[in-house]
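# Examination of the molecular architecture
Here are the chains, one letter per residue:
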Amino acid sequence: MKSLLRLVAILTVALTTSVANAQTKVAIGYPPAADWLPAMVAKEKGYFDSRGLDVELNKIAIVSNIPAALMSGSLNIGATTPTALIDTSAAGLDLVAIVGATRFVKDPAIFSLVAREGSGIKSGKDLEGKRIGVPGIRSVADVLLRKWMMNEGVDVSKVNIVEAPFPQMRDLLKSGTIDAVPVLEPFRSRILADNAGYRVTDYIADVDPDILGVMWSGSRKWLDANPEVAPAFREAIAEAVQFIQNNPDQAREIEKKYLGYTTTIKVPYSLTIEQSELDEYAEMFKEVGFISSTVDTSKLIY
């Protein structure tokens with residue numbers, strides 16, 4: 001009996017070690033926003049583990065820092081935007097989209113142009129001569145704001161556009177350092193509730209009422225070297241989105257654990273990535289003057 005128990009113990013240890021060794025380590029980077037909640041849920045509920053992914057979640061303050069981390073290998077999968085993907089492609093970097101995260105839709109619109117109380121900004125033309133804080137130059141928020149301003153007949157060269165991280169926007173508005181910001185939830189609600197600013201327009205919805213917002217990406221070289229990761233990651237994110245839809249209260253608790261707050265509106269999660277939408281972004285990127293050549297978007301989806 002002792003020999004049998006000893007054998008069972010040895011086999012148990014061997015099996016546990018084998019399972020552990022089968023796990024692929026994946027470092028994931030995400031900015032502090034509810035768009036990336038499915039990854040947090042997948043981590044907490046074991047959806048990554050059950051698919052052989054040993055995931056480490058890393059909060060990155062500014063999303064524009066993530067592409068460089070993916071290329072250096074300090075991150076393996078990261079939150080990104082269509083404009084960042086186009087930008088890195090134009091620079092010769094081989095980053096690719098793995099799966100979608102959220103969309104920008106008219107209802108609910110999670111992005112708005114918010115102006116400082118007392119700024120007098122009521123329309124696009126009022127932005128001329130003003131200082132606007134965007135979460136990143138060449139970011140989706142920036143490109144779509146420039147496109148919106150052009151549609152509104154604004155002379156963009158007369159608008160002083162500077163970088164302002166989402167968490168700092170409220171204080172920058174209150175201090176008068178900047179006059180307006182393109183901001184998303186939950187930072188928008190905080191600014192409005194604190195009377196630091198007021199809502200001018202849901203400018204992204206004005207440009208396109210339903211467009212790809214943000215997505216998950218990685219280095220093609222790393223993904224090719226680890227072919228099991230992309231399909232497993234997609235499956236885990238899909239299961240997490242379903243969990244969020246079916247268990248909103250539990251999902252909010254996970255969100256609060258990772259972000260320190262909960263989002264009050266229903267975030268439009270979507271795993272779909274269409275090449276036609278990347279083409280739309282590439283055209284806008286060119287129109288606002290950030291690139292001059294045409295980008296082959298067919299190579300940007302893994």
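The model shown is predicted, which means the values in this text are computed figures rather than measured ones.

Reading guide: rules and limits
All residue numbers refer to position in the chain's written sequence, counted from 1. This being a predicted model, a pLDDT of at least 70 is required before a residue's local features are given, and a value of 80 or more before pairs of side-chain atoms are given or counted; all residues contribute to the totals for chains, interfaces and linings. Side-chain metrics rest on all non-hydrogen atoms present in the structure, leaving aside hydrogens and water. Runs of E in the DSSP output that reach at least two residues are strands. Runs of H or I that reach at least four are helices, and both are numbered from the N terminus. Only protein chains enter the accessibility calculation, which uses a 1.4 Å probe; a residue whose area is less than 20% of its type maximum is buried, one above 50% is exposed, and one in between is partly exposed. By definition in these notes, contact holds between two residues if any of their heavy atoms fall within 4.5 Å. Reported accessibility uses the Shrake-Rupley method at a 1.4 Å probe radius. Residues are deemed covered only where the shown protein chains occlude them. Note on charges: Lys and Arg go in the positive column, Asp and Glu in the negative column, and His and the chain ends are not counted at all. We put the charge of a Lys on NZ, of an Arg on CZ, of an Asp on CG and of a Glu on CD. Paired strands are those between which DSSP finds at least two bridges. Each axis is a line fitted through C-alpha atoms, and for a helix only the stretch in contact is used; angles between axes span 0 to 180 degrees, taken between their N-to-C directions. Values of pLDDT, the confidence the predictor places in each residue, fall between 0 and 100. For classification purposes, an angle smaller than 35 degrees is called roughly parallel, one larger than 145 roughly antiparallel, one from 65 to 115 roughly perpendicular, and anything else oblique. Handedness of a crossing is defined here by the sense of rotation of the near helix relative to the far one, left-handed for an anticlockwise turn of less than a right angle and right-handed for a clockwise turn. Just to be clear on terms, a salt bridge is a Lys or Arg side-chain nitrogen sitting within 4 Å of an Asp or Glu carboxyl oxygen. What we call a nonpolar core is a set of buried Ala, Val, Leu, Ile, Met, Phe, Trp, Tyr and Cys residues that are connected through their side-chain atoms within 4.5 Å. Geometry of aromatic contacts follows a simple scheme: Phe, Tyr and Trp rings, the Trp one being its six-membered ring, pair when their centres are within 6.5 Å, and the pair is stacked under 30 degrees between planes, edge-to-face over 60, tilted otherwise.

Each helix and strand in the protein chain was counted, giving 12 helices and 10 strands. Its C-alpha atoms give the protein chain principal-axis dimensions of about 85 × 45 × 30 Å. Across the 302 residues that make up the protein chain, the buried fraction comes to 51%. Put simply, 80% of the contacts in the protein chain that link residues at least 6 apart link residues at least 24 apart. For the protein chain, the computed accessible surface area is about 13600 Å², with 51% contributed by carbon and sulfur atoms. If the 32 positive side-chain charges of the protein chain are averaged to one point and the 37 negative ones to another, these points end up 5 Å apart.

Right, let's get into the sheet that holds strand 1 (residues 24-30). Strands sit in the order 2-1-3-10-4 across an open sheet of 5 strands; the sheet is mixed. Two strands in the sheet have a free side with no partner beyond their single neighbour: strand 2 (53-59) and strand 4 (95-105). With direction set aside, neighbouring strand axes in the sheet form an average angle of 25°. Both strand 1 and strand 3 (residues 77-80) contribute to a ladder of 2 bridges, which runs parallel. If you follow Gly 29 over to strand 3, its bridge partner there is Gly 78. The strands touched by helix 4 (residues 82-90) within the sheet are strand 3, strand 4 and strand 10 (210-219), with strand 10 carrying the most contacts at an inclination of about 50°.

When pLDDT drops low, the exact placement of atoms in the prediction is not to be read closely. With 93% of its residues at a pLDDT of 70 or more, the protein chain shows a mean pLDDT of 91. Here residues 11-20 is a poorly scored stretch, pLDDT under 50, and it has 0 contacts once near neighbours within four places are set aside; other chains count.

With that settled, the discussion passes to unusual backbone geometry. In the segment running from Asp 107 into Pro 108, the intervening peptide bond is cis, with an omega of 0°. For Pro 108, the location among the structural elements is in the loop between strand 4 and strand 5 (111-116). In this structure, Pro 186 follows Glu 185 across a cis peptide bond, with omega equal to 0°. Among the structural elements, Pro 186 can be located in the loop between strand 8 (180-184) and helix 7 (187-193). Backbone geometry places Arg 138, a non-glycine residue, at a positive phi of 80°. Along the polypeptide, Arg 138 turns up in the loop between strand 6 (131-134) and helix 5 (140-151). Looking at Arg 138, the relative accessible area reads 26%, which means it is partly exposed. Although it is not a glycine, Asn 195 adopts a positive phi angle of roughly 60°.

Let's shift gears to the packing of helix 5 against helix 12 (residues 275-287). Relative to each other, helix 5 and helix 12 sit at 65°, their axes nearing to 10 Å. Compared by their axis directions, helix 5 and helix 12 come out roughly perpendicular. For the pair helix 5 and helix 12, the sense of crossing is left-handed. Contact residues: helix 5 offers Val 140, Val 143, Leu 144, Lys 147 and Met 150, while helix 12 offers Tyr 281, Met 284, Phe 285 and Glu 287.

On to the pattern of salt bridges. All told, the structure shown has 17 salt bridges when counted by the stated rule. For Lys 25, the salt bridge goes to Asp 54, with nearest N and O atoms at 2.8 Å. Separated by 29 residues along the polypeptide, Lys 25 in strand 1 and Asp 54 in strand 2 bring together distant segments of the chain. Relative accessible area serves as the criterion here: at 28%, Asp 54 is assigned to the partly exposed category. Among the salt bridges present, the one from Glu 235 reaches Arg 51, with a minimum N-O distance of 3.2 Å. Of the two residues, Glu 235 sits in helix 10 (residues 229-246) while Arg 51 sits in the loop between helix 2 (37-44) and strand 2, which places them 184 residues apart along the sequence. According to the relative accessible area criterion, Glu 235 is partly exposed, its value standing at 45%. Under the relative-accessibility criterion, Arg 51 is labelled partly exposed at 26%.

Attention now moves to the nonpolar core. Grouped together as the largest cluster of nonpolar side chains are 103 residues, with contacts concentrated most on Phe 48, Trp 216 and Phe 233. Residues contacting Phe 233, with those up to four places away along its chain left out, are Ile 28, Phe 48, Leu 53, Ile 77, Ile 98, Val 99 and Trp 216.

Attention shifts here to the packing of aromatic side chains. For the structure on display, the rule yields 9 aromatic pairs. Geometrically, the ring pair formed by Trp 216 and Phe 233 is edge-to-face, given 5.5 Å between the ring centres and 80° between the ring planes. Remark: Phe 233 occurs in helix 10 and Trp 216 occurs in strand 10; sequence separation between them is 17 residues. Under the relative-accessibility criterion, Trp 216 is labelled buried at 1%.

All right, on to the environment of Val 134 then. The residue Val 134 is located in strand 6 in this model. For Val 134 and Ser 89, which are 45 residues apart along the polypeptide, the C-alpha to C-alpha distance reads 22 Å. Residues contacting Val 134, with those up to four places away along its chain left out, are Asp 142, Leu 145, Ile 161, Val 162, Glu 163, Ala 164, Met 169 and Pro 182.

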